[in-house]
Amino acid sequence: MIGLPKKDQLYELIRANPFISQQELADQLRLSRSAVAGHIASLIRDRRLLGRAYVLPGARPIACIGAANIDRKLRPEAPLVMGTSNPARQHESFGGVARNIAENLARLGAPVSLTTAIGDDASGRALLTDAEAAGIDIGGAVKVAGACSGTYTAVLDAEGEMVVALADMALYDVLTPALMASRRRAAAALTVADLNLPADTVAALLAEARGDAATLVLVAVSQPKMARLPQDLHGLRLLILNEGELAARAGAPVDSDGALAAACAALQAQGARDVIVTRGSGGVCFTSGGSVRQLAAAAAQIVDVTGAGDAFAAAVCWSLFQGDDDLELACRRGLKLSAMTLACDRTVCPTLDADSLLDAGAADNAADSPQPFNALYQE
């Protein structure tokens, strides 16, 4: 193998021993483990490795479960006039909380699978083609005959502020506990699910996590869908949600640090091990033992807010997947990736790679003052 590029040397080592670990690859090739992960992600994108074929005891996949849909944004060319047709420009991209998280994780070099539902239409086919090209295992996707794929459509005003958004997510109700049980795959190192799933399915995931002592992360998507979160949260490693979603769960405003801490404590009493609350320009709060700690938002150049919240969640999950149980470090990495995503016009930052978050230390996320934007936009 002398003279071969490192990626090709790595490929030959995997061919010789499909059960070789990433650490063994790093040691033999004298590379960092993150560089090995980056090469593996590249080989998956090149289709020289299948995402589900390189599942090892030390590198089991992250299973993402939930929405994969088409995002559309319509922006008028002049101030909106209600009750008539307005000339506008449309931007369309692939979206969905679970899908966005999965793509971020794949770009970070993690083995990742996506269980979702798509319609039997061109949008659904395009969603799966794009996900597979990104290195995501799409074997768990469910195609629903006669249905349209999910959509999220936002109507903006001439300044780019949202006027109204319409989300057609009913398709994901087909992801029932029975269907999920019938599509079991290799055991995941970590499962991350969004609350577009039916309430019964969320409860089944929690029961599975309790029974298998598996790592489960739930990501909220909107205030109305907080009703899908069961009262019994035992088995839940982490819940990620924003202030509005926390208030919806608590049934009361969380308009002070004390109220926020009390609402987080209530979630822990219900069984959640930890909680992360995104606060837009106020940064994030996270539970640490019996207290709640805060981090300021990272300074960022804002190009487009779409996908920043999903990027935050992905970085937190990636940090847990790496074996780092430190939530402060996970949140710092999340804030860094959120800022990277805000600074580009894509839902998932195209320059993201396995080394992007390794230096996310305290200095990267210090902010002299709160930034005047919602850095953690979700659905």
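Whatever comes next refers back to the structure up there.
Residues numbered from 1 in each chain as written. Predicted model: local features only at pLDDT ≥ 70, side-chain atom pairs only at ≥ 80, totals over all residues. Heavy atoms only, no water.

**Student:** Help me understand the sheet that holds strand β2 (residues 69-76) in this model?
**Tutor:** The strands that make up a sheet pair up through hydrogen bonds in the backbone, lying either parallel or antiparallel. The strand order across the open sheet formed by 4 strands is β3-β2-β7-β8, and the pairing between neighbours is mixed. Single-partner strands in this sheet number two, and they are β3 (88-95) and β8 (162-168). Mean inter-strand twist for the sheet, computed between neighbouring axes without regard to direction, equals 15°. Where strand β7 (residues 151-156) and β8 come together, 6 bridges link them in antiparallel fashion. Residue pairing for β8: L156 is matched across the bridge by M162. Running over the sheet, helix α5 (residues 122-133) touches β2 and β3 and is turned about 110° from β2. (Pairing = 2+ DSSP bridges. Helix = DSSP H or I, 4+ residues; strand = E, 2+ residues; numbered from the N terminus. Axes fitted to C-alpha atoms, helices over the stretch in contact; angles between N-to-C directions. Contact = heavy atoms within 4.5 Å.)

**Student:** Honestly, the sheet that holds strand β10 (residues 216-219) in this entry has me stumped. Any pointers?
**Tutor:** Within the open sheet, the 8 strands sit side by side as β4-β1-β9-β10-β11-β12-β13-β14. Their pairing is mixed. Each of the sheet's edge strands pairs with one partner strand only, and the pair in question is β4 (112-115) and β14 (291-295). The sheet shows a mean angle of 20° between the axes of neighbouring strands, direction not considered. Summarising the sheet, strand β12 (residues 274-278) and strand β13 (residues 284-288) pair through 3 bridges and their orientation is antiparallel. Residue pairing for β13: I276 is matched across the bridge by F286. The sheet contacts of helix α7 (residues 199-212) involve β1 (62-65), β9 (190-194) and β10, and relative to β10 the element is tilted by about 155°. Relative to the sheet, helix α9 (residues 257-269) contacts β11 (238-242), β12, β13 and β14, its axis offset from that of β12 by approximately 145°.

Purely spatial values, then, with no claim about function.
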